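Given next are the chains, with one letter for each unit.
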Amino acid sequence: AEAAEPDQIETRVLGPLDRIVKGSRYTLENGQVWLNVDDRDVDVQLSSPAVTIEKNFLGNYWMRFHDRNLRIRVRRIQ
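Definitions and cut-offs
Position numbers for residues start from 1 in each chain and track the written sequence from start to end. Local features in a predicted model are, by the rule used here, given only for residues with pLDDT of at least 70; side-chain atom pairs are given and counted only at 80 or more, and totals for whole chains, interfaces and linings are based on all residues. Heavy atoms from the whole structure form the basis of all side-chain values; hydrogens and water molecules are not counted. Between any two strands, pairing holds if DSSP finds at least two bridges. Elements are defined by DSSP. Helices are runs of H or I of four residues or more, strands are runs of E of two residues or more, and each kind is numbered from the N terminus. Axis definition: a line fitted to C-alpha atoms, over the contacting stretch in the case of helices. Angles run 0 to 180 degrees between N-to-C directions. Classification of residues uses two cut-offs on accessible area relative to the type maximum, computed with a 1.4 Å probe and protein chains only: under 20% is buried, over 50% is exposed, and between them is partly exposed. Counting of polar contacts relies on pairs of N or O atoms within 3.5 Å, with two restrictions inside protein: one atom must be capable of donating a hydrogen and the other of accepting it, and residues adjacent in sequence are counted only when both atoms are side-chain atoms. Only heavy atoms enter the contact rule, under which two residues are in contact if any of them lie within 4.5 Å. Each nonpolar core is a collection of buried residues, namely Ala, Val, Leu, Ile, Met, Phe, Trp, Tyr and Cys, held together in the definition by side-chain atoms within 4.5 Å. Counted as salt bridges are all cases of a side-chain nitrogen of Lys or Arg within 4 Å of a carboxyl oxygen of Asp or Glu.

(A) View of the sheet that holds strand β3 (residues 25-27). If you trace the six strands from one edge of the open sheet to the other, you get β1-β6-β7-β8-β4-β3, paired in antiparallel fashion. In this open sheet, the two edge strands, each paired with only one partner strand, are β1 (8-12) and β3. Sheet twist, expressed as the average angle between the axes of neighbouring strands with direction ignored, equals 35°. Sheet topology note: the strand β6 (residues 50-55)/strand β7 (residues 61-65) ladder contains five bridges and is antiparallel. Of the residues in β7, the one forming a bridge with Thr-52 is Arg-64.

So this is what it looks like as structure tokens:
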């Protein structure tokens, strides 16, 4: 059985990002892959951005980008 996800992960997304769109996959430094399930579409210019992934009280996960005032809903796929 897989271990439960922690309530918070601080890491970096690998590589540059120029758009945040639903369906995008983000590979983290720790090897995890997260899927953007948020309906927002945002143009950005980020290079290996620092992020925090947080679990809310409903069990949803949010990815917060440290360099921007931006938070998107995500789901772990790997």
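(B) Representation of the side chain of Ser-24 within the structure. Relative to the helices and strands, Ser-24 resides in the loop between β2 (16-20) and β3. A relative accessible area of 17% places Ser-24 in the buried class. Side-chain polar atoms of Ser-24 contact the backbone oxygen of Val-21, separated by 3.0 Å. Apart from residues lying up to four places away in sequence, Ser-24 is in contact with Trp-34, Leu-35 and Asn-36.

(C) Local environment of the pairing of β6. Strand direction decides the pairing type here: β1 and β6, joined by five bridges, are antiparallel. Its bridge partner being in β6, Thr-11 is matched across the sheet by Val-51. As consecutive antiparallel partners, β6 and β7 are separated by five residues, and within that stretch Gly-59 has a phi angle of approximately 90°, a positive value.

(D) Here's a closer look at the nonpolar core. Judged by nonpolar contacts, the single largest core of 18 residues is most densely connected at Leu-17, Ile-20, Trp-34, Ile-53, Met-63, Phe-65 and Ile-72. Elements supplying a minimum of two residues to this core: β2, β5 (42-47), β6, β7 and β8 (70-76). Beyond its immediate stretch of four places on either side in the chain, Leu-17 contacts Tyr-26, Val-44, Gln-45, Leu-46, Pro-49 and Phe-65.

(E) Expanded view of the pattern of salt bridges. All chains considered together, the criterion is met by five salt bridges. One salt bridge in this structure joins Asp-39 and Lys-22, with 3.0 Å as the shortest N-O distance. Remark: Lys-22 occurs in the loop between β2 and β3 and Asp-39 occurs in the loop between β4 (33-36) and β5; sequence separation between them is 17 residues. Each member of the pair Asp-39 and Lys-22 is classed as exposed. Taken together, the salt bridges that share partners define one network made up of Arg-19, Asp-41 and Asp-43.

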